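Structural overview
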Amino acid sequence: MENFAYHTPASVADAAKLLDAHEDAKLMSGGMTLLPTLKQRLAAPSDLIDLAKIPDIKGVCRDGDELVIGAMTTHAEVHENALVRELIPGLASLAGQIGDPAVRHRGTIGGSCANADPAADYPAGTLGHGATFVTNKRKIAADDFFLGLFETALEPGEIIVGVRFPIPVWSHYQKLRHPASGYAVVGVLVAQTKSGVHVAVTGAGPSAFRATAMEEALTKDFSVKAIEGIKIDAADLNNDIHASSDYRAHVVTVLAKRAVAAR
Amino acid sequence: MGQFGIGQPVRRKEDVRLLTGKGQYTDDVNFDGQTWAAFVRSPQAHAKILSIDTSAAKAAPGVVGVFTGSDMKADGVGTLITDVEFKDLAGKDMFRPKRDFMTIDRVRFVGEIVAVVLADTQAQAKAAAELVMVDYDGLPAVGSTAFAASPDSPVIWEEHGSNVGIHWENRPEAEIDVHMAKAKTRVTIDIVNNRVVPNPMEPRCAVAKWENGELTMYAPTQGGRRIQQGIAKIVMNLPADKVRIISPDVGGGFGIRGKLYPELGVVAWATRKINRPVKWRGDRSETFVSDYHGRDQINHAELGLDANGRVVALKVRTIVNCGAYFAENGPRLPINGGGRIIPGVYDIENFYFSVRPVLSNTVPTDTYRGAGRPEANFLMERLMDAAADATGLARDEIRRRNVIKPEQFPYRTQMGMLIDSGDFIGNMDMAMKAADWAGFEARRAESAKRGKLRGIGLSNFVEPSGGRPTEEMRIAVSPEGKATVYAGTHSHGQGHETVWAQLLESFLGIPFENVTLVQGDTKIMPKEAAGTFGSRSSWMGGVGLQRSAKRIVEKGTKIAANLMQAEPEKVSFDAGVFRAGTSSVTLAEVAKASYEPKNLPEGMEPGLDESYFLKRDPEEFNYPNGTHVIEVEVDPDLGKIEMLNYIAVDDCGKVLNPFIVHGQVYGGVAQGIGQAMTEMTVYDDEGQLVTGSFMDYGMPRAEHLSMIDALFNEVPCKTNDLGVKGAGEAGACGAPGAFVSAVCDALKDFGIRHIDMPMTPDRVWATIQKAKAGKAA
Amino acid sequence: MLINVNMTINGKAVSGQVEARTLLVEFIRDHQRLTGTHVGCDTTQCGCCTVHVDGKAVKSCTMLAVQATGKSIITIEGLAQPDGTLHPVQEAFREHHGLQCGFCTPGMVMVGVDICRRHPNADEHTVRQELEGNICRCTGYQGIVEAIMDASAKMAGGKA
């Protein structure tokens, strides 16, 4: 990879200033996506701003009826955290299915969501739980966050500091793992939230989306039968050598049913 | 036999070193003042090279030199060409394209080397490589095997006018048509044996220096003698003893590392050219486009059977995609190595096969674990399953009716191969019993309750092993009575450090811990060293050691006789001790004495150091064989296949170390399952390798496999004194057929008879949908 | 421009001057000449480069040396006792033929230790899942899985 200037700001404000000062700078959290990208020479930032030394954007705590997860919390930490396991076990399970154990020791929720890989797991995890992204500038609902292929609502200079998860009644994540990359060919998170059932899908389309027809059906009748006949339109789904869009459309329904059946 | 002798599950000597990070692989080697090489590789699959502008690269920081194929040619460097020659039935020779180490006028596959940059650091070399400006004039490319064989395809070697190197046939087809016409039942299948990328875990690399008129190069190989000779003759124009190839620890070979790759030639030439050491550290993406690939055949086959389900005729037509060039072995695999054994364990007299090796804009293919034999075995087993369907006979029954029976050994095949021994019925019995084949239907029903489709499959195989017909092994006994084995074979995971020590303890009574292995250095290895490939080492290396040991004993007997003042004829040797009457003297004492001329008979050379150059009939192989049974569960909604269990019954002849041979079976099976289930190699219409990294290429992981129960049906080989048969490639031969058979068994209610490998979830599901639609129609 | 890095590797304080882009695995292999840790791929998949950073398994090819400053790194060379006594995971690999060519082995052992830390008495299914980030081409994983199961039982104080 190309060389770059390396910064370890001590606060989010300092990180934002650095982003402002260097046009071609990139933020780094775990580096599990960024470093491979740099190694393959697909990007060559002038500056890397490492968020690892910022103290108050890690960890899990409860705030009323929400769980707040700091942006720099690793997947392993979310997976093993007692609060997450107690209150949102579906999320703990999802985090434990990301990548592999070594990757989970470094990759973070903030980094994963800011990158918005169409096959990452957290997009379904945040969308499915009706989470809210807290940045250094504002709050963004998950529904408004994932805009397209690797595209989020984050503005230049905006940094995720944490993610707030309303504690659901129940949630469950089903993933069909890509045999080579470990990413989600399709991943479906079903959650019974206080505002109804959410069905969030990753891997199938250019970005994570909610399967609204399924949500309506399940809110009326939370059963496998209720979504049996609901077909996802394959037209907008990803199509590649590993999985056709028809296959993905089909798998969304299969995994959604399996998630519901796990209740 | 002691606990370290032949047949014992001795734990490996090499493990402590490798487990504590003390292995030495080629990338661990560095020379002072070394430059780094970065290759400029073609991004296009098929193009004319109009010009190569190296000026910007030459001016880049740290760059020591930038060279192209023209520079090498100007220095008199020769070309590579396939080792093999074939004639068709009309006597016409196979086309044999020449290969420059760095291509000059034309690129023929993505990844082909166009230039090399040498710089002070690897980063500088890579950066400068991006500044080499190549003006390509793109040509239509062909990556598909079927299309490459068709007359409409772009032709990638114009001088030949066709992509088809030869239309080789074993005999006139009409001779077999006569028999096929008499068949009561005829089955036809069209199947693919998919291309795989071998991917040993060590990416390829090389480090070389030119010093005092000699080239020394470290590189991962499978025994460097032929590479030494090739580099000396073709690249350096030197006598072979001025070239030294050293392969220290090697991170996997699987048949494709013992090759004279262009990168090795370029690194060798460059180090002399710039008179500085050169190091090339390839990365995985580079390995994907520079290591030879494996398999890639399309087979059209027809089996004719009589009223009793006995095969009366077999016809096979194979197209094999050899890539942009014929590699060292290339067409040999389907024509010779594999093709001849297509009838496998079955008694088939009337056999026609034709092979069309085609050239295409893809990486060349060569000997990957099994080298043509897995393809042959797979084909025959799919035919047997098809025949079972057509005749209504059970899959095992139709095989039982056709296997070569015990009383038929030694069995001369229609292609002239002499199978010395085997217990094919016994293999099947053992495997089916261990797999509880009889109780399967109950398990199928239980899986169905959980919404899963369970299937069981079996595969027989036999595969001629032995590789090259010569080898040399040397044993040197020190004055302390310890031994060093100088091997012509090369261990790159097979545990020779352990097994050769076991052999010496058995043959000479030298304690296991006192035997050291020296291998992998062309300066030190025996002159006629050949290497390890083709599952040959237990035979060629083992018997070579046995005969060297015999020479040690012969010489030792004479010295012992001298020491004991006895007649040599009265001296016997056993378990490390020479005895004559009541006198005895140990091998260690004899070894010590051998270094002092006063102890020796008149005219005898001092020392106890003997080699043996083993030659065998090139047509005499040994025949590892077996039956593998696998049980799988298919999730019909996802198309996902789960491996439940695996029984491997292998006849590897006499087993030298069951622990290690089991490991070879497990590893071979994993590669076979990988080919059958997860390993998809995709070239698009422009000849781009779409699956060029581990992100897209599905290497089997632990989660894809179950435990494998490896059993032995030991039928000693009759054609070597040790009774050994090869073991390394058996798993790759047995697994694919069993796997596909099991999955089709699971899906039989859909009427699915075959799915081409790899059976990815997407492909399995799509096949099920198509079958359902077909039924509904 | 070079940056100072300081860390401990296998209990020993080390320092160096590196470019920001220097990977931790490059620092370990090329600067510290600890060549037991290997590079097997370029897409963070194969796990041959696995080391421990502050007690956790990490793929050192996907971490910068500068990120490791102030941290404690253990490589394969630091796993056995100074007197040569093998770590239970190393011993188990030897006992169960968990290695053939040895190239993936350091990474397998380091992740194996991490698996045992998090899963006492790990069963086969768990071990196979936990190895999703490590590729072996030689062994078919059989010996590796058996070794980690065995070590995990022994380290949990279980039966031999």
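Computed from a prediction, not measured in an experiment: that's the story for all the values here.

1. Digging into the environment of G265 of chain B
Residue and element names in this part refer to chain B. By secondary structure assignment, the location of G265 is in helix α8 (residues 262-274). Here G265 falls in the buried class, since 26 other C-beta atoms lie within 10 Å of it. The sequence separation of G265 and G255 amounts to 10 residues, and the corresponding C-alpha distance is 19 Å. Once residues lying within four places of it in the same chain are set aside, the contact partners of G265 are F101, I231, V235 and L260.

2. Describing the sheet that holds strand β1 (residues 5-7) of chain A
Pairing between the strands of a sheet comes from backbone hydrogen bonds, and it takes one of two forms, parallel or antiparallel. Residues and elements named next belong to chain A. Judged by pairing direction, the sheet is parallel, and its three strands sit side by side in the order β1-β3-β2 without closing on themselves. Strand pairing shows two members of the sheet lacking a second neighbour, β1 and β2 (25-28), which therefore form its edges. With strand direction ignored, the average angle separating the axes of adjacent strands in the sheet is 20°. Where β2 meets strand β3 (residues 47-50), four bridges bridge the pair, whose relative direction is parallel. Among the inter-strand pairings, L27 is bridged to a residue of β3, identified as I49.

3. Here we look at the pairing of strand β23 (residues 577-580) of chain B
Residue and element names in this part refer to chain B. Burial along β23 is one-sided: F578 and A580 are buried, while V577 and R579, pointing the other way, are not. Two strands pair when backbone bridges link them, and strand β22 (residues 572-574) and β23 are joined in this way by three bridges, in the antiparallel orientation. Each residue of the ladder has a partner; that of S572, found in β23, is R579. Linking β22 back to β23 in an antiparallel pair, the connection comprises two residues, with A575 at a positive phi of about 50°.

4. Overview of helix α2 (residues 88-95) of chain C
Regarding α2 of chain C, the residues found buried are V89, Q90, A92, F93 and R94 of chain C. Looking at the buried positions of α2 of chain C, the neighbouring elements they touch are α1 (15-19) of chain B together with α3 (105-118) and α5 (142-155) of chain C. With its phi angle positive at about 55°, H97 of chain C sits one or two positions after the end of α2 of chain C.

5. Description of the domain arrangement of chain A
The assigned domain composition of chain A is domain 1 (1-53) and domain 2 (170-261). When each unit is reduced to the centre of its C-alpha atoms, the spacing between domain 1 of chain A and domain 2 of chain A is 34 Å.

6. A closer look at the interface of chain B and chain C
Counting residues at the interface gives 41 residues for chain B and 44 residues for chain C. When contributions to the side of chain B that touches chain C are tallied by element, the ones reaching two or more residues are α1, α9 (284-290) and α18 (658-678) of chain B. Counting residues per element, the side of chain B that touches chain C draws most heavily on α18 of chain B, at six residues. A class-by-class count of the residues in the side of chain B that touches chain C yields 19 nonpolar, 12 polar and 10 charged.

Reading the values: the criteria
Residues numbered from 1 in each chain as written. Chains lettered and ligands numbered in written order. Predicted model: local features only at pLDDT ≥ 70, side-chain atom pairs only at ≥ 80, totals over all residues. Helix = DSSP H or I, 4+ residues; strand = E, 2+ residues; numbered from the N terminus. Buried ≥ 20, exposed ≤ 12 C-beta atoms within 10 Å, placed from the backbone. Contact = placed C-beta atoms within 7 Å. Pairing = 2+ DSSP bridges. Axes fitted to C-alpha atoms, helices over the stretch in contact; angles between N-to-C directions. Domains from an automatic or database assignment. Nonpolar A, V, L, I, M, F, W, Y, C, P; charged D, E, K, R; others polar.

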